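Geometric and topological summary
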Amino acid sequence: MLLLHVVRTVCCNARNWRKRISITSINNFRCWDCLQQAPNYQHVYFRNRRLFFYSTSSVKNMDEILTRTLDSLPSYETREKSPPPPESSSLEFIQFYRSLDKSQRPAFLAKLSSDFGVDHKCVAELAANVMDSQKRDISTVLQAEDRLRYCLTPRYKVLLNHISRVEGGVKFLVDLKADVIEFLASKTNDSPHIRDLNGTLKSMLSEWFSVGLLSLERVTWKSPCELLQKISQYEAVHPVRNWTDIKRRVGPYRRCYVFTHGAMPGEPLVVLHVALKEEISDNIQTIVREFSSLDSVEDINRVNAAVFYSISSTQPGLQGVELGNYLIKRVVRELQGEFPHLNQFSSLSPIPGFTNWLLGLLNEQRKEGPSNRILSDMEFMDIEEITGGRAYETMQKLLSTNEWVSSERLVKALEPALMRLCAWYLYGEKHRGYALNPVANFHLQNGATMWRLNWQADTSPRGLSASCGMMVNYRYFLQDTSANSGRYLRTKEIEASDQIRNLVLQFQKASKL
């Protein structure tokens, strides 16, 4: 009897298996043999299911795929009644774009943005209608303006909106915008149409990634391994060396926070690392090298200052979308909830670009001769005496190779000059009236005060190459941040401490620029 039961079970399972194979074959174009003979067919997957096939050989050019996947903009009267395009169009567009080589994508995006953008003839006609309606009743004017507003919608925006609704679509659009930014920056394609596509994507992403739709998460050693690994990979300020390093950065007296979005699960958008200290740190070594075991108990009496020592945006496509400033504000509230007595908040920030700026300045000074100096007479003579060479030429060589840090005499001699030059770079060098340094501009827009410049704060090779080892604290005085931010954005006035202002004054007195 047992043997008979086993035989019946096997036969039943075999019938079910054949039935499943038959159904699968029908779902996949009914004929597996036919697909075996079509090597040029690619699959499009959705939720790990094969939805449809298209032949790469049948897509002869970009016009064909664009014509096939982009519908015409519905008329104004039927805009709310028109059925959405099939999901397969969005998936086919995604698959085709990903199949393109990097070198082919600029041409594809140029064609997308120029041939499937705004109907300029329609805009001109409706703009004339708006002008003609000005003498009529307000209802007519508003309807004419609404028609014009609708006509100003690029045709490709309809497809982009529908792409955002398929699984992985928002991430695809973020990556697409990263490509557009890269092409614009490299001048690969700098057409007005591409710039308009960039603006359209930025507007859409800014709406989808508004702060109310983001989730704040604290990362700990118990967080998913994939998340910890991504945070390590995305760290842009102080690279993570190993698992012990990341363990230290999420352990006692440390906090790590990320913003995430429901459309990109498991993907951190921006990462903020915080050190909980007794006082505001003046060097990064004490933060990244200090270690406490995971079972250490935090002493609340030792937590008097929160130092933001690294903030990294992980998605190049979200450039221009305000995330970092909101993350800092949310983290401040979180920390105040955890430590009600905490009232000192500051960054410990790198100064990217300072060394390159200084090397360019030294090159100019070397060419112009002694009549126009950035060093005082005493500093000029000290450097020539220590190095045995001409001051500006020797400084250029030493700063380019970081050799100067191996001489204590030279480090001491260069400190006053480099400190005031760096203070001027942060405070006095401008781009369109705002701080030239991007990190300074970020914190000043958030309402922080340029508070303290720190000598030999980052003696790593990276820190020396970027800013001669200096770092700066941007202090967040919570009662003043709103006023500081508004004043900086309106008048471009930088809020700075006495130390920074004194260094700037020394630069102006010592340098004949």
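Counting restarts for each chain, with residues numbered from 1 along the sequence as it is written. Local features in this predicted model are restricted to residues whose pLDDT is 70 or higher, and side-chain atom pairs enter the listing and the counts only when it is 80 or higher, whereas totals over whole chains, interfaces and linings include all residues. Each side-chain value is derived from all of the structure's non-hydrogen atoms; neither hydrogens nor water enter the calculation.

**Some points on the sheet that holds strand β3 (residues 214–218)**
To keep things clear, this is the line we draw: One bridge is not enough; two strands pair if DSSP finds at least two bridges between them. For helices the rule is a DSSP run of H or I covering at least 4 residues; for strands it is a run of E covering at least 2, with both sets numbered from the N terminus onward. Lines fitted to C-alpha atoms define the axes, with helix axes restricted to the stretch in contact, and inter-axis angles between N-to-C directions lie between 0 and 180 degrees.
A sheet is described by the order of its strands in space; here seven strands give the open sequence β3-β4-β5-β6-β7-β11-β10, paired in mixed fashion. Of all the strands in the sheet, the pair left with one neighbour each is β3 and β10 (449–454). In this sheet, adjacent strand axes meet at a mean angle of 30° when their direction is disregarded. Both strand β5 (residues 270–277) and strand β6 (residues 305–313) contribute to a ladder of eight bridges, which runs antiparallel. Within β6, the residue paired with valine 270 across the bridge is serine 313.

**Regarding the environment of glycine 317**
The line we're drawing: Only protein chains enter the accessibility calculation, which uses a 1.4 Å probe; a residue is then buried when its area is under 20% of its type maximum, exposed when over 50%, and partly exposed in between. Contacts are assigned to residue pairs that have any heavy atoms within 4.5 Å of one another.
For glycine 317, the location among the structural elements is in the loop between β6 and α14 (324–338). We classify glycine 317 as buried; its relative accessible area is 1%. For the pair glycine 317 and glutamate 182, spaced 135 residues apart in the sequence, the C-alpha separation amounts to 9.4 Å. Those residues in contact with glycine 317, other than ones at most four positions away along the chain, are Val174, Lys177, Ala178, Ile181 and Leu205.

**Quick look at helix α21 (residues 481–491)**
Residues of α21 that are buried include every one of Thr481, Asn484, Ser485, Gly486 and Tyr488, and no others. In this structure, the buried side of α21 is in contact with β9 (434–435), α19 (438–445), β10 and β11 (471–476). Where α21 ends, the next residue or the one after it, lysine 492, has phi of about 65°, a positive value.

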